[in-house]
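The primary structure of each chain is shown beneath.
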Amino acid sequence: MPFRTALSGLNAASTELRVIGSNIANSSTVGFKKSRAEFADIFPASSLGTSSTTIGSGVKVAAVNQQFTQGNINFTDNNLDLAISGQGMFILNDNGVNVYSRAGNFGVDNQGFVTNNQTQRLQAFQADANGNITGAIGDLQLDTANIAPQATNTLTMALNLDASAGIAGAPLETTAFTVPATTILDPDAVSGATQNSPDFTAYDTYGNPITVNLRYVKNLAANQFDMFLVQGATTFASASNPLDVTAMPATTTFSWDPDGAGAQAAITVTADVSAIAIGATGGGDTSAATAATAINGSTQPAFSATDATTYNNSTSVNVFDSLGAPHLMTNYFRKTSAPNSWEMYTTIDGTPVGGANAITFSNIGAVVTPASPASFTLPAYTPPGGAAPLNVVANVAGLSQYGSPFSVNSLVQNGYTTGRLNGIDVGDTGIITARYTNGQSRTLAQVALANFSNNQGLRQLGDTSWAETFESGAPLVAGPGTGSLGLVQSGAEEGSNVDLTAQLVNMITAQRNFQANAQVITTADTITQTIINIR
């Protein structure tokens, strides 16, 4: 009779309904993986096998397997909520035993450990003091202590100094002088005879002092001389040559090129020559050439941080001492009297730190001096308050001198004050970065994921967690995004992979299976009653 066969069908249908009910009940459970009831038929068999006319004896539950397909990613407001997109499982420490889960709803306990709702601790690859991820795996613990300050020891600058800027301090070039009346020229001198004045100082475009003198050369004509401004071996002729001493003009001019190479434009210098006199004829050499007077022009004034006219530009940045206290460092830049040359002066909290540091640029605006690595080691500055002296190396390799206004692209110093934990960021590769109130960040660890050769072989433990077994194989542990492992999404959770519509359809099918098997029992009972009632 088919009672037992139908009864096995009822049991199978009941099991399937229980599996479907469990799936529907966990449709909102984070990290839940739906199950599927799998069945096999039952055949009576002997040691000789089964007959070709053997009728099956029913059905049995062959397995209830979980389906490790991807669930939907749902976003949350908690940075420590993690969702895996792809293969892999979180590794959790449950009192010294590792368990595995896809549920990534994590928080922090009172000791700073990252745990789930079952107080199981998330495992991660640890980082060393420099933020490098090591191969050591351990409990992920967030350090909430203040980080120690770091004293500034390097400053890297990237800025442009205006090539067309004027000389700081506005030095004046020499444009005029007077030849005094004590200059008396000898009318009896032979042609080509020269008279030279004593040296005097004139100033070029950059305010550099230049030693010059005046030279008078007798001409063939009576009472006529050629006048020259002399700089070393170079002479600059008067525009009024030859000069007739008996009818001297009030002024004459020289086109003076101080550097000779043409880097500076020629300066027109006006000389007052009205007082030049001529000696008596036939009376012998009674002449005298005296130095020029009333010379205008000036050199570049000394730098002063309190006098904005003595420098072109300045920029400031906070640096930090060994106790984390900030100090204002200001760097001043001024164009000097040599082409393509600048000086940098530094103060910290208004106190000068060393003197001038020379910076020279090439004709294409690149730093030539200081030579590579283009840096200055500034003298030590001892801050008040007991901190260690500040020793700062200023790197100026990023400076340029182009024909555009002064601009600061970056000022980067490597010091910072103390800071406390302000937030946690988790990257898609599982790198966990701590952000601090002093603007610093530090790599703490990397989330570790595990994968198995046979996920179906894992043993269910409840609380959406599993344990490894011989059938699952040993876990393959690595960082997210490596090998076959998926990436991690921070501020998100992986929802259940249950499809409610499909489960409701399966429930209808299971219900009909149950009803059909129940009908078999009813029919068999009717047949049995008919046989019993035969008289």
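The present account deals with the structure reproduced in this document. (Residues numbered from 1 in each chain as written. Predicted model: local features only at pLDDT ≥ 70, side-chain atom pairs only at ≥ 80, totals over all residues. Heavy atoms only, no water.)

Here we come to the overall build of the chain. Each helix and strand counted, the chain has two helices and 41 strands in total. Relative to a compact globule of 535 residues, whose C-alpha radius of gyration would be 24 Å, the chain shows 48 Å and is clearly more extended. With respect to the principal axes defined by its C-alpha atoms, the chain has extents near 185 × 55 × 40 Å. Taken over 535 residues, the chain has a buried fraction of 39%. Nonlocal contacts in the chain, meaning residues at least 24 apart in sequence, comprise 60% of its contacts between residues at least 6 apart. Within the structure as shown, the chain displays about 26100 Å² of accessible surface, and the carbon and sulfur contribution to it stands at 52%. Side-chain charges of the chain comprise 18 positive and 35 negative groups, with the mean position of each set lying 26 Å from the other. (Helix = DSSP H or I, 4+ residues; strand = E, 2+ residues; numbered from the N terminus. Rg over C-alpha atoms; globule rule 2.2 N^0.38 Å. Buried < 20%, exposed > 50% of the residue type's maximum accessible area, 1.4 Å probe, protein only. Contact = heavy atoms within 4.5 Å. Areas by Shrake-Rupley, 256 points an atom, 1.4 Å probe, with all protein chains shown as cover. Lys, Arg positive; Asp, Glu negative; His and termini not counted. Charge placed at Lys NZ, Arg CZ, Asp CG, Glu CD.)

Attention shifts here to the packing of aromatic side chains. Per the counting criterion, the structure on display carries nine aromatic pairs. With a centroid separation of 4.8 Å and an interplanar angle of 65°, the aromatic rings of Y311 and Y332 are classed as edge-to-face. Of the two residues, Y311 is situated in the loop between strand 22 (277–278) and strand 23 (313–320) and Y332 in strand 24 (residues 326–335); the sequence distance between them amounts to 21 residues. The same class applies to Y311 as to Y332, namely buried. An aromatic cluster is present here, built from F303, Y311, Y332 and Y345 joined pairwise through their rings. Positioned above the aromatic ring of F113 is the side chain of R121, whose terminal nitrogen or guanidinium carbon lies 3.7 Å from the ring centre. Over the face of the ring belonging to F225 we find K218, whose NZ or CZ atom lies 5.6 Å from the ring centre. (Phe/Tyr/Trp six-rings, centres within 6.5 Å; stacked < 30°, edge-to-face > 60°. Lys NZ or Arg CZ within 6 Å of the ring centre and 35° of its normal.)

On to helix 2 (residues 500–532). In a regular helix each residue adds 1.5 Å, so 33 residues correspond to 48 Å; helix 2 covers 48 Å between its end C-alpha atoms and thus fits that length. Residues of helix 2 that are buried include every one of Q503, A510, N517 and A524, and no others. Buried residues along helix 2 sit in contact with helix 1 (3–25). Put simply, D499 is the residue that caps the front of helix 2, since its side-chain oxygen is 3.1 Å from the backbone nitrogen of T501. (Expected span 1.5 Å × (residues − 1). Polar contact = N/O pair within 3.5 Å; in protein donor to acceptor, adjacent residues only side chain to side chain.)

With that settled, consider unusual backbone geometry. The residue after T369, namely P370, is reached through a cis peptide bond having omega 5°. Position of P370 among the secondary structure elements: in the loop between strand 28 (367–369) and strand 29 (375–377). At the junction of S372 and P373, the peptide bond is cis and its omega measures out at 15° in the coordinates. By the secondary structure assignment, P373 is in the loop between strand 28 and strand 29. Positive phi, close to 55°, is recorded for A294, a residue that is not glycine. Structurally, A294 is set in the loop between strand 22 and strand 23.

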